[in-house]
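Structure at a glance
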Amino acid sequence: MLQIQDTLVSLDLIERYFCCDLDACRGACCIEGDAGAPVTEEECEQIRRALPAIQDDLLPAAREALSEGDVAYIDEEGDLVTTIVHGANCAFSCYSADGTCICALEKACREGRTAFLKPESCHLYPVRLRQVGDLTAVNYHRWKICKPAEVKGRRLGLRAYQFLKEPLIARFGQDWYDELCLTAQEYLRQYPAD
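The structure reproduced in this document is the subject of the present report.

What counts as what
Residues numbered from 1 in each chain as written. Predicted model: local features only at pLDDT ≥ 70, side-chain atom pairs only at ≥ 80, totals over all residues. Heavy atoms only, no water. Helix = DSSP H or I, 4+ residues; strand = E, 2+ residues; numbered from the N terminus. Expected span 1.5 Å × (residues − 1). Bend = angle between axes of the 7 residues up to and from the residue. Buried < 20%, exposed > 50% of the residue type's maximum accessible area, 1.4 Å probe, protein only. Contact = heavy atoms within 4.5 Å. Axes fitted to C-alpha atoms, helices over the stretch in contact; angles between N-to-C directions. Parallel < 35°, antiparallel > 145°, perpendicular 65-115°, else oblique. Nonpolar A, V, L, I, M, F, W, Y, C, P; charged D, E, K, R; others polar. Core = buried A, V, L, I, M, F, W, Y, C linked by side-chain atoms within 4.5 Å.

The subject of this paragraph is helix 3 (residues 41-54). Between the first and last C-alpha of helix 3 there are 19 Å, a value that for 14 residues agrees with the 20 Å anticipated at 1.5 Å per step. Considering bend angle alone, the principal kink of helix 3 is centred on arginine 48 and spans about 30°; proline proline 52 follows within four residues of it. Glu43, Cys44, Ile47, Ala50, Leu51 and Ile54 are the residues of helix 3 that are buried. On its buried face, helix 3 is in contact with helix 4 (60-68), strand 3 (72-74), strand 4 (80-82), helix 5 (104-110) and helix 6 (120-124).

Helix-helix packing is described using two parameters, namely the angle between the two axes and the distance between the axes. Contact pair helix 9 (residues 165-172) / helix 10 (residues 174-190): the axes reach a minimum separation of 7 Å and the direction vectors enclose 130°. In terms of orientation, helix 9 and helix 10 fall into the oblique class. Counting all contacts with helix 9, which are made through Lys165, Leu168, Ile169 and Phe172, the residues of helix 10 involved are Gln174, Trp176, Tyr177 and Leu180. Here the contact of helix 9 with helix 10 is built from residues that sort into six nonpolar, one polar and one charged.

Core analysis: the biggest nonpolar cluster contains 27 residues, and Leu13, Ile14, Tyr161, Leu168, Trp176 and Leu180 have the highest contact counts within it. Those elements giving two or more residues to this core turn out to be strand 1 (2-4), helix 1 (11-15), strand 10 (135-140), helix 8 (160-163), helix 9 and helix 10. With sequence-adjacent residues up to four places away left out, leucine 180 is seen in contact with Ile4, Val9, Ile14, Tyr161 and Leu168. Among the nonpolar cores identified, the runner-up in size contains 22 residues, and Ala50, Val71, Val85 and Cys90 belong to it.

Taken by themselves, the reported measurements are silent on function.
Okay, structure coming up:
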């Protein structure tokens, strides 16, 4: 781990190649797993406000689940996570014409129908954040369904921290990201990871 300001950054974020490959994975991260995406109470409020804009994009089972419950629930580990449907799909997933699972929230935002992009945990993925005392651990989460993203990232020469530039800046700021880039370049110069 490397310390960047008030964070501890996993070396995997610097060493590993990564670039989402929706053509290969078909959006499996919104379907696979045993719980929804981690969210905050504030994000739940933003999702609730965005619901009218995304209702028509949601799967019928998702609309039903949301009408009977809420946008999130507490999972077995005690974390607040997005509602899932049939033990799989995130309630906020939908499908493109080619059958790829995509985020209805992100789709609506990119089309100008809502201002909320998606939960930070989704935007930052494959990064997961954890508090370690006064520091935030910025960890790279490895998941077999993301193997195509690692292959594509290697082919493009794109490291995970480079792929995640936009969400990392949104979360930690430009100065933090600039420091991360300088630290990563120096680290990779001293310890090539190829």
